[in-house]
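Architecture and fold: a report
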Amino acid sequence: MKKITVAVVFGGASTEYEVSLESATSVLRNISHETFDVIMLGITKEGRWLRYTGPVDRIAKNEWQQPQYVTQAFLSPDRSVHGIVEIRDGNATVVPVDVVFPVLHGKNGEDGTIQGLLELASIPYVGCNVCASAVCMDKEMTHTILDYNGIRTAKWHAIKQWELTDFDATEAMLREKLHYPMFIKPANAGSSVGVSKVTDKESLRKGLETALQVDSKAIVEECIIGQEVETAVLGNQDPKAALVGEIVPKVEFYDYDAKYKDDSTDLYIPARISDETAGRIKAIALKAYKVLGCMGMTRVDFFIQKDGTIVLNEPNTIPGFTSISMYPKLWIAAGLPYDQLIETLIRLAIGQ
Ligand SMILES: Nc1ncnc2c1ncn2[C@@H]1O[C@H](COP(=O)(O)OP(=O)(O)O)[C@@H](O)[C@H]1O
Ligand SMILES: [Mg+2]
């Protein structure tokens, strides 16, 4: 049977560039080379597009941008190209691709931008479409749609840069509505970049400044105390949720370092919860997946409060795929090996 040509896109002009390198490395190590012809397409942090032909292990070390391994190359929006245009010594070569797997996190990858380019190009791609990607990336939009559909989230308020001009009034309003401690996050980011927990007026000011450096909009939330759990959803019209896993950060909250750098987080698969609670979590995850218009995959994250209330924290449309990431681990634990998970995702994209 003819192999399927898949372009795995990694890196990206995003604060999560390094995470993408780790995720893509795992995907490239686990993809079946019997079924797929794999093209590696890297985007530098500055936004340059390069086809990479070197060893996979250079990617995670961020040592892939070596002249002998890279050629300028980009996805063309032209449907007659249906693939990548490579530029070598001033000459352009077309490399057709069947499907793209964007292994990108955060801005310029998980937010509908590359998905828009792929729509123009009419090339199928793994994961959510433009609208669901953009909505799930923007925490104000996600909260709004979940609230509208009766899915419990933390109480929240969105703050724009200009609202800081009258900080005293903003602080009073937030204190009244959400109470200290609060969580502050950039509306469009991920991997806990720019996230802080604040306990008073001064730390609120700093937290807002930090978040607003990452994005022009911040989200402030009430602090939820409870178990942090996640489930992995996979599918198009008839999605399924894998097991529920649990994260126990040993630090104040699940920050960037706890996610990717140290061993300061314990993972439990399955989560230490009853089957009944796991069932409720999965049902809410599937409902959220549907109302948000997700396709392909999404990891949905929750808190479970002491009294059993389930609070949806956020959906992640391109979840981490690193060797320690929950999304692949949850599917492996549910009986779907890593290579088959990747193949399923690609087949969902191309409708085979
Ligand atoms: N409202 C909240 N209450 C308690 N902890 C929170 C809240 N929001 C976020 N956190 C903690 O901060 C982490 C990162 O926040 P999250 O909303 O998941 O942002 P990101 O998109 O960067 O992953 C979460 O995994 C959790 O540990
Ligand atoms: Mg998160």
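It should be emphasised that the depicted structure is a prediction, and the values quoted were computed from it without experimental measurement. (Residues numbered from 1 in each chain as written. Chains lettered and ligands numbered in written order. Predicted model: local features only at pLDDT ≥ 70, side-chain atom pairs only at ≥ 80, totals over all residues. Heavy atoms only, no water.)

With respect to the sheet that holds strand β7 (residues 99-102)
Either a parallel or an antiparallel arrangement is found when strands of a sheet pair, and the pairing is made through backbone hydrogen bonds. Here is the rule we go by: For two strands to be treated as a pair, DSSP must find no fewer than two bridges joining them. Each helix is a run of H or I in the DSSP string that is no shorter than four residues. Each strand is a run of E no shorter than two, and both are numbered from the N terminus. Here, axes are lines fitted to C-alpha atoms. For helices the fit covers the stretch in contact, and angles between N-to-C directions go from 0 to 180 degrees. The contact rule is simple, with two residues in contact once any of their heavy atoms fall within 4.5 Å.
Read across the open sheet, the 7 strands follow the order β6-β5-β4-β3-β2-β1-β7; overall the sheet is mixed. On the outer flanks of this sheet lie β6 (91-96) and β7, each paired with one strand and no other. Strand-to-strand twist in this sheet, taken as the mean axis angle between neighbours without regard to direction, amounts to 35°. Both strand β1 (residues 4-11) and strand β2 (residues 36-43) contribute to a ladder of 8 bridges, which runs parallel. Following the sheet pairing, F10 is matched in β2 by G42. The strands touched by helix α3 (residues 113-121) within the sheet are β1, β3 (49-52), β4 (70-75) and β7, with β4 carrying the most contacts at an inclination of about 75°.

Topic: empty space enclosed by the protein
The gaps of empty space that remain are located by a probe, the size of a water molecule, rolled over the atoms. Put simply, the rule reads: The method works on a 1 Å grid over the protein atoms by themselves. A cavity is a set of points holding a 1.4 Å probe that cannot get out, a pocket is an open set with protein on both sides within 12 Å along at least five of seven lines, and residues with an atom within 4 Å of a point line them. Grid points are joined across faces, edges and corners, and a volume is the space filled by probe spheres set on the points. Under the grouping applied here, Gly and all other residues not named as nonpolar or charged are polar, the nonpolar ones being Ala, Val, Leu, Ile, Met, Phe, Trp, Tyr, Cys and Pro and the charged ones Asp, Glu, Lys and Arg.
This structure, assessed with the given rule, holds 1 cavity of 30 Å³ or more. As for the largest cavity, its lining consists of C136, K139, T142, H143, L146, T153, E221, N313, E314 and P315. Mapped onto the lining of the largest cavity, the elements with two or more residues apiece are α5 (139-148) and β16 (310-316). Of the residues forming the lining of the largest cavity, the biggest block, 4 residues, is contributed by α5. Residues of the lining of the largest cavity, tallied by class, amount to 3 nonpolar, 4 polar and 3 charged.

Overview of the domain arrangement of the chain
As a reminder, the rule being used: Reported domain spans reflect what an automatic or database domain assignment gives. Buried area counts how much accessible surface, traced with a 1.4 Å probe, disappears from two parts once they are put together, with both parts' losses summed.
Here the domain parsing of the chain yields domain 1 (4-125), domain 2 (136-152 + 225-350) and domain 3 (156-222). Between the C-alpha centres of domain 2 and domain 3 the distance comes to 24 Å. Both sides together, the interface formed by domain 2 and domain 3 hides about 1,400 Å², and carbon and sulfur atoms give 49% of it. In terms of surface lost to domain 3, no three residues of domain 2 exceed K139, E140 and F253, which account for 38% of the buried area on that side.

Looking at the site of ligand 1
Which entries qualify depends on this criterion: When we say a residue is near a molecule or strand, we mean one of its heavy atoms is within 4 Å of it. Distance and chemistry together define a polar contact, namely a pair of N or O atoms within 3.5 Å, with one atom able to donate a hydrogen and the other to accept it when in protein, and with adjacent residues in sequence counting only for side-chain atoms on both sides. With residues, only the protein chains shown are counted as cover, and all accessible areas are computed by Shrake-Rupley using a 1.4 Å probe.
Every one of the 20 residues lining ligand 1 counts as a neighbour, but K139, K185, S192, I224 and E228 are closest to it. Measuring from an oxygen atom of ligand 1, one finds a side-chain N or O atom of K139 at 2.6 Å. Considered on its own, ligand 1 offers 540 Å² of accessible surface; in the complex 96% of this is hidden by protein. Tallied by class, residues from the shell around ligand 1 come to 9 nonpolar, 4 polar and 7 charged.

Examining the pattern of salt bridges
Basically, it comes down to this: Whenever a carboxyl oxygen of Asp or Glu lies within 4 Å of a side-chain nitrogen of Lys or Arg, that contact is scored as a salt bridge. Each residue is placed in one exposure class: buried if its accessible area under a 1.4 Å probe, protein chains only, is under 20% of its type's maximum, exposed if it is over 50%, and partly exposed if it falls in between.
Evaluation of the coordinates by the stated rule reveals 20 salt bridges. The residue E140 makes a salt bridge to K217 at a minimum N-O spacing of 2.7 Å. Here E140, found in helix α5, pairs with K217, found in strand β11 (residues 217-222); they are 77 residues apart in sequence, far enough to count as distant. Classification of E140 by relative accessible area gives buried; the value is 17%. On the basis of relative accessible area, K217 is assigned to the buried category, the value being 10%. Across the pair R205 and E202 runs a salt bridge, and its minimum N-O distance is 3.6 Å. Pair noted here: R205 and E202 are both in helix α7 (residues 201-214), with a separation of 3 residues, about one helical turn. Residue classification places E202 among the partly exposed positions, given a relative accessible area of 42%.

Brief notes about the environment of D255
Of note, D255 is situated in the loop between β13 (240-249) and α8 (256-260). A sequence separation of 151 residues divides D255 from L104, and the C-alpha atoms of the two residues are 19 Å apart.

Considering unusual backbone geometry
Across the junction of Y180 and P181, the peptide omega takes the value -10°, indicating a cis bond. Tracing the backbone shows P181 in the loop between α6 (167-178) and β9 (182-186). P270 follows I269 through a cis peptide bond whose omega is -5°. Mapping P270 onto the fold places it in the loop between β14 (265-268) and α9 (275-291).

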